[in-house]
Amino acid sequence: MTNPPNSSGPDAMSIHRRAIIVDMHADTTQRLVDENADLNQGLRDGHLDAVRAQEGGLDAQFFSIWVEPELYGGGGSRAIRRADIQIEAVQALAAKHPETWELATTAADIRRIAANGKIAALMGMEGGYAIDEKLENVARYYRMGVRYLSPAWSVSTSWAGSSGDEIGGTRGLNEFGKQVIGEMNRLGMMVDVSHLSDRAFWDIVGTSTKPVIATHSGCRAIADVPRNLTDDMIVALAKTGGVVNVIFYPEHIEPGYAAKKKTVDAEIASLVQRASDEEKGDLAHKKLARDRVRRAEYLKRLPPVTVSRVVDHIDHVVKLVGIDHVGIGSDFDGVQVVPADLKSVADLPNLTKELLRRGYSESDIDKILGGNMLRMMEAVEKK
Ligand SMILES: [Zn+2]
């Protein structure tokens, strides 16, 4: 699994410490809002906090601004409010702990903040629900610091199809959707295709004049789930100059895992429901209670997946399109199960060890861990 002790060759930890590490997607924002989690101390649960981030050598984290449409609506004032609250929570994190975190919106910010030994906090919007079908809201969120947007999460918007529902199968981008992409290109906001339907993917690649990103996705050739990218998609995305950021979530990287998880979900449905019923808090807290049960049961009932599988997806992208179009998007704190040796952000060095073991050079590893994303951000920032 890892280099034997005292093996010669480059030292994984020194490479890892020196590299600028950029994680394109974590859902920790929900914890800031719903649990009032203090990310500046080492938390016993979840996947990300400042202590473990610094242990794992993380330099920049994109916090997902995610509006769950079932709870907050697929548009309208509640969706906007929910997005705004999350943005305020990320801003407050940096304001409260300026010695640890600093807000960032550009690649240059990330380089500067990393050089100062702090963690850059960035924001990306997952699902276009808070745009509320108004073009001017794209610029509003850009001004608030959001630097990527995926038009839909698991529920299609009227203007972009999702891979997570039936309507997405026939929905790409409509005229308004194309205007949104144009506005993002104009502003310098990255267009994220994670979670989108195949049709929406192709419409985006055909519309965007700037590099296109997948912030947390896997390869469908390895794990056949609808939200992963086919080989043709990976080739097309790379042609835009974009980057596929590989997700760590076992369901999206391990072959056959999604089917096994479906069986387990049926087995534990009543347990999950009971936890939800017994939770007296609001809808967000009921979801937390359900997720707690899922986390415990998945750990018991599903086979472990390791960082090696994450690197299989990285390898696959590299074989298809070369070393310049791959990065990482953990989905930490957005999933109930993670690889056994990537339990939290503190375990990121295991990724570097596995890349070295497979023969990646130091400069390749720099690109995978964050260099490719910094290059792409610079390209998108150009007016
Ligand atoms: Zn997601």
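Keep in mind that this is a model prediction, so the values were computed, not measured.

### As for the coordination of the zinc ion
- Within the protein, the zinc ion binds to Glu 126 (OE), His 195 (NE2) and His 216 (NE2); these donor distances fall in the range 2.0 to 2.1 Å.
- Sequence spacing of the donors to the zinc ion: E-x68-H-x20-H. Of this pair, Glu 126 sits in strand 4 (residues 119-126) while His 195 is found in the loop between strand 6 (190-192) and helix 9 (198-207), placing the two residues 69 residues apart along the sequence. Just as Glu 126 is buried, His 195 falls in that class too.

### With respect to the layout of surface pockets
- In this structure, the largest pocket encloses a volume near 1500 Å³.
- Every residue lining the largest pocket is counted, 46 residues in all, and those nearest its centre are Trp 153, Lys 287, Asp 291, Gly 334 and Gln 336.
- Those elements that place two or more of their residues in the lining of the largest pocket are helix 2 (29-34), helix 4 (69-72), helix 11 (250-253), helix 12 (257-267) and helix 14 (283-301).
- Considering every element that reaches the lining of the largest pocket, the biggest residue donor is helix 14, with nine residues.
- Classifying every residue of the lining of the largest pocket by side-chain character gives 13 nonpolar, eleven polar and 22 charged.
- Taken as a whole, the second largest pocket encloses approximately 380 Å³ of empty space.
- Along its surface, the second largest pocket is lined by 18 residues, and Leu 299, Gln 336, Val 337, Val 338 and Lys 343 are the ones closest to its centre.
- Tallied by class, the residues present in the lining of the second largest pocket amount to 13 nonpolar, three polar and two charged.

### Some remarks on the nonpolar core
- In this structure, Trp 101, Tyr 141, Val 193, Ile 314 and Leu 351 are the most contacted members of the largest nonpolar core, which totals 105 residues.
- No other element matches helix 5 (residues 76-96), which puts eight residues into this core.
- Each residue touching Trp 101, except ones within four places of it in the same chain, is listed here: Leu 39, Asn 40, Ala 50, Phe 63, Leu 93, Ala 94, Ile 119 and Ala 121.
- Core analysis: the second largest hydrophobic core is formed by 19 residues, Tyr 148, Met 190, Leu 374 and Val 380 among them.

### Description of the packing of helix 13 (residues 269-278) against helix 14
- At a minimum axis distance of 8 Å, the contact between helix 13 and helix 14 shows a crossing angle of 145°. Relative to helix 14, helix 13 is oriented so that their crossing is right-handed. Every residue of helix 14 that contacts helix 13 at Leu 271, Val 272, Ala 275, Ser 276 and Asp 277 is listed here: Lys 286, Ala 289, Arg 290, Val 293, Arg 294 and Glu 297.

### Focus: unusual backbone geometry
- Even without glycine at this site, Asn 36 takes up a positive phi of about 55°.
- For Asn 36, a relative accessible area of 63% puts it in the exposed group.
- Located in the positive-phi region is Asp 333, a residue other than glycine, with phi close to 65°.
- Mapped onto the elements, Asp 333 comes out in the loop between strand 9 (326-328) and helix 16 (348-357).

### Looking at the side chain of Asp 27
- Assignment of secondary structure puts Asp 27 in the loop between strand 1 (22-26) and helix 2.
- Separated by 3.3 Å, the side chains of Asp 27 and Ser 64 make a polar contact.

Basis of the calculations
- Residues numbered from 1 in each chain as written.
- Predicted model: local features only at pLDDT ≥ 70, side-chain atom pairs only at ≥ 80, totals over all residues.
- Heavy atoms only, no water.
- Donors = N, O, S within 2.8 Å, 3.2 Å for Na, K, Ca; no water.
- Helix = DSSP H or I, 4+ residues; strand = E, 2+ residues; numbered from the N terminus.
- Buried < 20%, exposed > 50% of the residue type's maximum accessible area, 1.4 Å probe, protein only.
- 1 Å grid on protein atoms, 1.4 Å probe; cavity = no way out; pocket = protein on both sides within 12 Å on 5 of 7 lines; lining within 4 Å.
- Points joined across faces, edges and corners; volume = space filled by probe spheres on them.
- Nonpolar A, V, L, I, M, F, W, Y, C, P; charged D, E, K, R; others polar.
- Core = buried A, V, L, I, M, F, W, Y, C linked by side-chain atoms within 4.5 Å.
- Contact = heavy atoms within 4.5 Å.
- Axes fitted to C-alpha atoms, helices over the stretch in contact; angles between N-to-C directions.
- Left-handed = near helix turned anticlockwise from the far one by under 90°.
- Polar contact = N/O pair within 3.5 Å; in protein donor to acceptor, adjacent residues only side chain to side chain.

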